[in-house]
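Each chain is listed here by its residues.
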Amino acid sequence: MTSTSQKPRVRFAPSPTGPLHIGGVRTALYNYLFARHFGGDMLLRIEDTDSKRFVPGAEAYILEALNWLGIEIDEGVGVGGECGPYRQSERRDIYREYVAQLLREGKAYKAYDTAEELEAARNAIPNFQYDATTRNSMKNDLVLSKEEIRALEEAGVPYVVRIKIEPGEEVVVNDLIRGEVRINSSIIDDKVLYKSSDDLPTYHLANIVDDHLMGITHVIRGEEWLPSAPLHKLLYRALGWEDTMPQFAHLALLLKPEGNGKLSKRDGDRLGFPVFPLEWHDPESQTISMGYRESGYLPEAVVNFLALLGWNPGDNREVMTREELIEAFSLDKCSKSGAKFDFEKGKWFNHRYLQEAPVERIAALFTPVLEQHHVDVPANLESILSVVRDRVQLIPQLWDETYFFFMAPEEYDEKTVKKRWKAESSLQMREIIDLLNAQPAFESEALEEALNSFIQTKEYSMGGVMNALRLALVGAPKGPHINEILYLLGREESIRRIERAIAQLG
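Residues numbered from 1 in each chain as written. Predicted model: local features only at pLDDT ≥ 70, side-chain atom pairs only at ≥ 80, totals over all residues. Heavy atoms only, no water.

Moving on, we come to the overall build of the protein chain. Counting its regular elements, the protein chain contains 20 helices and 15 strands. Whereas a compact globule of 506 residues would reach a radius of gyration of roughly 23 Å, the protein chain reaches 32 Å, over 25% beyond that. Projected onto the principal axes, the alpha-carbon positions of the protein chain cover approximately 110 × 50 × 40 Å. A total of 506 residues make up the protein chain; the buried ones form 51% of that total. By sequence separation, contacts in the protein chain at least 24 residues apart represent 71% of the contacts at least 6 residues apart. When the accessible area of the protein chain is evaluated, it comes to approximately 24,100 Å², of which 48% is carbon and sulfur surface. The averaged location of the 79 negative side-chain charges in the protein chain is 3 Å from the averaged location of its 59 positive side-chain charges. (Helix = DSSP H or I, 4+ residues; strand = E, 2+ residues; numbered from the N terminus. Rg over C-alpha atoms; globule rule 2.2 N^0.38 Å. Buried < 20%, exposed > 50% of the residue type's maximum accessible area, 1.4 Å probe, protein only. Contact = heavy atoms within 4.5 Å. Areas by Shrake-Rupley, 256 points an atom, 1.4 Å probe, with all protein chains shown as cover. Lys, Arg positive; Asp, Glu negative; His and termini not counted. Charge placed at Lys NZ, Arg CZ, Asp CG, Glu CD.)

Attention shifts here to the packing of helix 16 (residues 425-438) against helix 20 (residues 491-505). Direction vectors running N to C along helix 16 and helix 20 enclose 165 degrees, while the axes themselves pass 10 Å from each other. Comparing the axis directions of helix 16 and helix 20 gives the class roughly antiparallel. As helix 16 packs across helix 20, the resulting crossing turns out to be left-handed. Contacts between helix 16 and helix 20 involve Ser426, Met429, Arg430, Ile432, Ile433, Leu436 and Asn437 on the former and, on the latter, Arg491, Ser494, Ile495, Ile498, Glu499 and Ile502. Tallied by class, the residues present in the contact of helix 16 with helix 20 amount to seven nonpolar, three polar and three charged. (Axes fitted to C-alpha atoms, helices over the stretch in contact; angles between N-to-C directions. Parallel < 35°, antiparallel > 145°, perpendicular 65-115°, else oblique. Left-handed = near helix turned anticlockwise from the far one by under 90°. Nonpolar A, V, L, I, M, F, W, Y, C, P; charged D, E, K, R; others polar.)

For the rest of this paragraph, the subject is the side chain of Glu47. Counting through the fold element by element, Glu47 comes out in the loop between strand 2 (41-44) and helix 2 (58-69). For Glu47, a relative accessible area of 7% puts it in the buried group. A distance of 2.9 Å separates a polar atom in the side chain of Glu47 from a polar atom in the side chain of Arg45. Polar side-chain contacts of Glu47 include one of 3.5 Å to the side chain of Gln88. Beyond its immediate stretch of four places on either side in the chain, Glu47 contacts Ala13, Pro14, Ser15, Pro16, Gln88, Tyr203 and Asn207. (Polar contact = N/O pair within 3.5 Å; in protein donor to acceptor, adjacent residues only side chain to side chain.)

Quick look at helix 9 (residues 299-307) now. A large share of helix 9 lies buried, amounting to eight of its nine residues. Burial in helix 9 covers these residues: Pro299, Ala301, Val302, Val303, Asn304, Phe305, Leu306 and Ala307. In this fold, the buried residues of helix 9 make contact with helix 1 (22-37), helix 2, helix 10 (322-328), helix 11 (343-356) and helix 12 (359-372).

This brings us to the pairing of strand 1 (residues 9-12). Side chains Arg9 and Arg11 of strand 1 all project onto a buried face; the interleaved residues Val10 and Phe12 project onto the opposite face, where all are buried too. Once the chain exits strand 1 it traverses helix 1 before rejoining the sheet at strand 2, and the crossover so formed is right-handed. (Right-handed = clockwise from strand over helix to strand, strands pointing away.)

Given below as structure tokens:
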């Protein structure tokens, strides 16, 4: 079982290289649920050491996405705290200290190889990696003389600092999801820890130093980082921190809805679903990518849906509140195998949450859709939404279920006219106008009773009258119950629409 004897501190550490992928959102969510379950803290750290891949606006996007989803940050970027700064680009001085320590203690070395020299080595040696078997034939301070090193330094030749991995050791990492992971150090290359060209560490060193100094107790991250775990253990040891190394948990991948492989943006574009929490406007290509928020999902539905992709509460529950997710969450119930991304299930969750959400909230979310169609918000919008919201999965779909309340039909569905508007329809509609005018209380239940009584008394066909009336009011064979349409349109508008249908179709 997953347990912790100390107050846990976890971190979500995305890179600002573009929009936050839904897989990254799930990683953030699992960190959040774990921290809340054990009464711990969640940190947000921005890992921006790769200056070449930095994308303007990406950090703000990450903060806005987490805020929309309700994934609360206790410490870090946007919040502050005692372990800052929380952007790695602002921690250069801190990293330099530990680079110097590793060099001083002989646990790392400087390498001056150019890109061309590295490419030549790859071409000359099959499956080349920079390690104990090749480092002595390369250009680094393990083989260069003091004079050669001094000349390179004085000439300002760029260098990198590589960790010195000793071969032949079996490195064991205990993963909270995958159990014991063993790897021989001989297959780990001497990874670059620092680059003088931009005075920044690579992910591997910055990640270790920050996790240690920020007191991180558990590192919950994606499966793609599992191969790095043995290296990170060796780095903790090299820095003298092995006893305080956090526990690792590597989450299985989110997989394509169909076929094999990791979920990608192309899958979403091809099948018509978002893979980002918010709409993303690419500053370089100017392309716009779909977001769950703008597509009409409620954040709690997205959270519930994502939580169950790779984890289960141990019972048959599906619809779970945030509090229930926190109470039930544990890493030992996370799957070791990837989870198929069932986007239709995501719509199902949203449908369930739309049914339960306060109607005033749905109205507020739907108002921008009305504005896009240049429709003024009616006073009875909440009443309209109350009778149609069980028909939709996403907020924008409400337009197709409600537009006829805001705009009288200017034309009528041809197939429905041929099928439903009979020779006697005009006469029946005139009788219904008289009926509506005579109603003392223009309320839904009273209208239903009056219509049923009228049709039975006249011995008309129920379907014949109702379908023709629907066509007159809506212009198409759609919408909620006729009495609800009449009530929501009101007496005057209902009669006006029926008269117009008689004039055009009679």
